[in-house]
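Residues per chain are reported as follows:
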Amino acid sequence: MSSAAFDTIVAPATPVGRSALAVVRIDGPRTSAIIDTLTGGPSDQRIAVHRYLNHNGELLDDCVVVRYVAPHSFTGNDLAELTLHGNPLLVERVIAAAVELGARIAEPGEFTERAVLNGKLDLVQAESIADLIAARTTLQAKLSLTNLRGALSTKAQGIRESLLFVISRLEAALDFSEEGYDFISRAEARAKIEEAIAACRSISDTWRRGRATTAGLSLVILGRPNAGKSTLLNRLVGSERAIVTPIPGTTRDIVRETIEIGGLPVTIADTAGLRESSDVVEGIGIERAREAAAGADIVLYLIDATSGRTAEDERELATLDEPLLVWTKNDLAPAPGLAISAKTDAGVSELLARLDALVRDQFAVPESSATIVNERQRQAITACEQSLEVALQSLDAGYEEPIVVVDLYRASNALGVLTGAITNDDILTEIFSKFCIGK
Amino acid sequence: MFHVERMEQRFDIVVIGGGHAGAEAARVAARGGAKVALVTMLREAIGRMSCNPAIGGLAKGNLVKEIDALGGLMGEATDRAGIQFKVLNRSKGPAVQGPRAQCDRDIYAATVLELLEQEPNLTIVESAVTSLLHDGKAVRGALLQDETRLNARAVIVTTGTFLRALMHSGEVKTAGGRFGEPSAETLSDSLRALGLQLGRLKTGTPPRILRDSVDFSKMEEAPGDAVPRPFSIITDRIPLPQVLCHLTYTGTEAHELIRANLHRAPMYSGQIAAAGPRYCPSIEDKVVRFADKERHQVFVEPEGLQHPWLYLNGISTSLPPDVQDGVVRSLAGFEHAVIARYGYAVEYDFVNPEQLEPTLAVRDVDGLYLAGQINGTSGYEEAAAQGLLAGLNALQLVRDREPVILRRDEAYAGVMIDDLVTLGTTEPYRMFTSRAEHRLLLGCDSVYERLSPIAARLGVLDGERKRRVDGRQERVTRARDLSLNTFLTPDRETVVLLDGMELSISEKSSVAKLLQRPDFNLTRFLDTVSLPGLRAAFEALNEEETEAVVSRLRYSGYIERQEREAAKLSQDEAVAIPAGISYALPGLSREMVEKLSFVRPVSLGQASRIPGVTPAAIAILRMHIRRGVRAAS
């Protein structure tokens, strides 16, 4: 097989979660084209360059791009590593952009597999890398993902079996149509397929919780200048992380810290106070605050109890989706709702309890439920669901069984990818399945 | 001391057996220019239908069409002997439609013999082969029972169920492969001596009934198609008159009788241990395994136009004669039936086909090929398709040319042979459409397009067939292209015209696009719209060709998607595994080494289909091959 037989893959190379930096790796023939599109420039001869990444006119991040030209790379193919800021949301958006530009999400261990296939690593080396990674993730794991994955496989397996039930009957109707049996009616097949679609949906619906479990949550503190955002951050974090002054507009860029709430890592972002500003730097900060809020799992909107809800507050609140309102400076003025005084600590433990309940209720994964925890699984379940939809359309359009089953086979194969029970040999090999995505 | 002059004859290829595999193998090799001897124990048994008097059916019909497209004889013989034609699965789309024909068994066998006798390069030798001549590495020919040596570069063994065959009827056991015909007792030893592993399989037949002893008015009629569709492109019309088949059913009486006598059935008494086909259970099996089913269908097939017997398809059995009498007489219409021959089961040796190459050659024995039931298959069509491919490969061998291996996305025959040599079999292997993952590409309607060019290249497609294949291709392509390139615009006149046919278009549409609509009526359309070119193109087609054009256009999206998937999968088929490879590779478990060494796949693709061979093992194998390639270059 020549290297031309490889397609282009993308995946995070660093563990999913909050960190200072995150590396995304792209490998394959389209690597250069994707990087050029994202950086808006032609191939740069230099090895490492600082670049802004834009996609569809939207700024993703600024990052360091490191290019390796075939065969001088880890995999032996054209490869690039993007060192981004360590925010899972950013990583996801960059990966989504790469996928839109022609890459696909890498299977577990696929980069290493490519390295082995190109003769860059031998199997023993590859296996020791796998062991190393496995050991590290074991130490890091705070939640028993094996249990979760077991439950997911079981559920996926269940859908697959009911699909195979339909397929086998449709097949029987084709290969034994002279035997005088009614193997399955179209209505029955239809009902079974719809059942499987519903089951797929119930799995894809777990994505939000599953992602939260592995990637953590983002909480953004918003509010007008001097509402007490930085004070609250410092209070929650337990250290003087953000600079606090009485001067409005002190916080200009986003300040982030991660704490544990409800058993999950929650990254709290303190943002620039929202106001009309003629200061260019502050203006960028405010823009970033709004962006952060748009991508956040939880938004705390702080209102200064001494000044009450202003027209500006109302305007901001109208753009937010179910923010949690918190009244601050409760020591100085009474408040109508959840209120704190960071100065006296009044209300802070109540706020934490509220957040704890919120996280547990909306984001924590119920014990041993079938949950998808990464993008690869999400894609697999989506592919299965889409194939089932096509099969249903074929059925409804009056297509014959041989046409209908084509998409049922595809659906069951997609599920096979999800459960790891792979039959399509060019996707995955067992030995590499021990690897986490991107390594 | 005196010296006996040994008889000796020289051929290119010796075919042992004159059944459906042997007949195809011998004829195609002879047509390709090889000097061929076909050895049969009984000349008039050539082309004999040992089981039911029908050819084709689901998936099997596709095999017959493939044989025809590749220049084989089964389709032609069927057309000449057919007395009821029916396309099965008509309502289920072109990919799974299977033509079937009831045949006059005597006329069928006579036709096959006649076709073989017409071949100038083919000699029929009436004798039995006692052993293979070989030096352990290459086959040299065959030794006949009269000590005659038939020397040849290649030998094709197509002995069907005759290897150490044992017939069971109730408690009675008789050596023999077919009623009244002897078993081939010693050939098994020859094969074993070459290191081949043999297994044992079982198959069964139902009782045959005297036609004059039954009352058809008590049965359901089962007619064929009003207009019989021939199998072969060489056939212009079906010569024989067409007849009815009938349906009847077993009931409580028969089931109780069978249950009461189960201990006398060889399959249940333990007399037969070999595996029978799950898809074709004996009536005693059906009664036991589907105890809640109140009746089982019996398809009553005439054995021929004049033949005095009927074949009771659906109640194959090895129960003792007195029980068979009772069961048969319990069927509606059979109250006074006379059984002409009782049903029986046959046990026989077969060669585990994983020991064959995809050419059907025995590995490590140059020039030895096996085809048909000896490879663990069931059915005339499966046997014939293997015979044809073995014949073609033997022909290529004696001509020192490239072997012929059909891909899984190219022919059902390719699927079957790949399944056999890769997966092996534990029951008599039968072709099913569901075995073909690229089924949409393997419809009968595309068979000449797919396979005839191969036969032409190999020089086994005669001039008349080639002319007809080319003509068909030209007509079909013209109609297809015109459909794609003729457009209708939604101007007022056209809209009104189409409205009369309850058709509507909102934008410029090709006729091909309109054909994709499920309710589109082509005849009416061509009658209404003035498109003389298109109309002429379709009028040049026969019914089958029209269906081929319409279905190709109607299913084009699905077909093209399957073509892409097949192309993707075929990447690994192109990665050849060196013939002499040692599987003792670092990282391969002993189980993997054993599996791979037994099957010895020719490509990475084939290796990946071996049951139990893990993706990890494939990855190791892939690396090893790549390293080897790199080291060589």
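Parameters and conventions
Residues numbered from 1 in each chain as written. Chains lettered and ligands numbered in written order. Predicted model: local features only at pLDDT ≥ 70, side-chain atom pairs only at ≥ 80, totals over all residues. Heavy atoms only, no water. Helix = DSSP H or I, 4+ residues; strand = E, 2+ residues; numbered from the N terminus. Rg over C-alpha atoms; globule rule 2.2 N^0.38 Å. Contact = heavy atoms within 4.5 Å. Areas by Shrake-Rupley, 256 points an atom, 1.4 Å probe, with all protein chains shown as cover. Lys, Arg positive; Asp, Glu negative; His and termini not counted. Charge placed at Lys NZ, Arg CZ, Asp CG, Glu CD. Buried < 20%, exposed > 50% of the residue type's maximum accessible area, 1.4 Å probe, protein only. Pairing = 2+ DSSP bridges. Axes fitted to C-alpha atoms, helices over the stretch in contact; angles between N-to-C directions. Patch = residues over 30% accessible without salt bridge, like charges linked within 9 Å, V, L, I, M, F, W, Y side chains within 5 Å. Salt bridge = Lys/Arg side-chain N within 4 Å of Asp/Glu carboxyl O. pLDDT = per-residue confidence, 0-100. Expected span 1.5 Å × (residues − 1). Right-handed = clockwise from strand over helix to strand, strands pointing away.

S.K.: I keep staring at the overall build of chain B and nothing clicks. Help me out?
M.R.: Scanning chain B for helices and strands turns up 22 helices and 24 strands. In terms of overall size, chain B behaves like a compact globule, its C-alpha atoms giving a radius of gyration of 26 Å where 633 residues would be expected to give roughly 26 Å. Along the three orthogonal principal directions, the C-alpha set of chain B runs to about 100 × 80 × 50 Å. The long-range share in chain B, meaning contacts at least 24 apart out of those at least 6 apart in sequence, stands at 74%. If you sum the accessible surface of chain B, you get close to 25,400 Å²; carbon and sulfur atoms cover 51% of it. A gap of 4 Å separates the mean positions of the 76 positive and 81 negative side-chain charges of chain B.

S.K.: Any chance you could explain the overall build of chain A here in plain terms?
M.R.: Within chain A, the secondary structure is distributed over 13 helices and 11 strands. Buried residues in chain A amount to 49% of all 439 residues. Contacts spanning at least 24 positions in sequence make up 65% of the contacts within chain A whose residues lie at least 6 apart. With an accessible surface of roughly 19,800 Å², chain A has 53% of that area assigned to carbon and sulfur atoms.

S.K.: Please clarify how the sheet that holds strand E2 (residues 21-27) of chain A should be interpreted in this entry.
M.R.: Backbone-to-backbone hydrogen bonds pair the strands of a sheet. The strands run either parallel or antiparallel. Residue and element names in this part refer to chain A. Strand order in the open sheet formed by six strands is E3-E4-E5-E2-E1-E6, and the pairing between neighbours is mixed. In this open sheet, the two strands that pair with only one neighbour each are strand E3 (48-55) and strand E6 (104-105). Where E2 lies against strand E5 (residues 79-85), seven bridges are found, and the strand directions are antiparallel. By the bridge assignment, Leu21 is partnered in E5 with His85. Against the sheet, helix H1 (residues 31-39) engages E2, E3, strand E4 (58-68) and E5, with an angle of about 70° to E3. Here helix H2 (residues 88-100) sits on the sheet and contacts strand E1 (9-12), E2, E3, E4, E5 and E6; the angle it forms with E4, its principal contact strand, is near 75°.

S.K.: Looking at this structure, how should I read a nonpolar patch on the surface?
M.R.: Residues and elements named next belong to chain A. Among the surface-exposed residues, Val280, Val281 and Ile284 lie close enough to one another that they form a single nonpolar patch of about 290 Å² accessible area. Mapped onto the elements of the fold, Ile284 is located in helix H9 (residues 280-294). A residue is classified by how much of its surface remains accessible, and Ile284, at 46% relative accessible area, is partly exposed.

S.K.: I would appreciate a short explanation of the confidence of the model for chain B in the present structure.
M.R.: On average, residues of chain B score 90 in pLDDT, and 96% of them are at 70 or above. Interface predicted TM-score (ipTM) for the complex: 0.81; the corresponding pTM is 0.76.

S.K.: In this structure, what is going on with the environment of Ala187(A)? I would like to understand it.
M.R.: Relative to the helices and strands, Ala187(A) resides in helix H6 (residues 186-204). Spatially, the C-alpha atom of Ala187(A) lies 9.9 Å from that of Asp396(A), the residues being 209 residues apart in sequence.

S.K.: Looking at this model, I keep getting lost on helix H11 (residues 412-423) of chain B. Mind explaining?
M.R.: The periodicity of an α-helix, 3.6 residues per turn, causes residues three or four positions apart to be oriented the same way. All names here are of chain B. Its 12 residues place the ends of H11 16 Å apart at the C-alpha level, agreeing with the 16 Å of an ideal helix rising 1.5 Å per residue. The buried count for H11 comes to 11 of 12 residues, which makes it a mostly enclosed element. Every buried residue of H11 is listed here: Tyr412, Ala413, Gly414, Val415, Met416, Ile417, Asp418, Asp419, Leu420, Val421 and Thr422. The inward-facing, buried residues of H11 abut helix H2 (60-69), helix H10 (380-398), helix H20 (590-599) and helix H21 (604-608). Where H11 terminates, the next one or two residues include Gly424, which has phi positive at roughly 70°.

S.K.: Got a minute to help me understand unusual backbone geometry in this structure?
M.R.: Glycine aside, residues mostly have negative phi, and peptide bonds are mostly found in the trans state. Residue Pro71(A) is reached from Ala70(A) by a cis peptide bond, and omega for that bond is 0°. Examined against the element boundaries, Pro71(A) turns out to sit in the loop between E4 and E5. Positive phi values are uncommon outside glycine, yet Asp400(B) reaches one of about 55°. Residue placement: Asp400(B) occurs in the loop between H10 and H11.

S.K.: Help me out: how do you make sense of the pairing of strand E3 (residues 36-40) of chain B in this one?
M.R.: Where a strand is regular, its side chains alternate between the two sheet faces. All names here are of chain B. When you tally the buried positions in E3, you get five out of five residues, the bulk of the element. Of the two faces of E3, the one carrying Val36, Leu38 and Thr40 and the one carrying Ala37 and Val39 are both buried. As paired strands, strand E2 (residues 13-16) and E3 are joined by four bridges and run parallel to one another. The partner of Val15 across the bridge, within E3, is Leu38. Between E2 and its parallel partner E3, the chain crosses via helix H1 (residues 20-31), and the hand of that crossover is right-handed.

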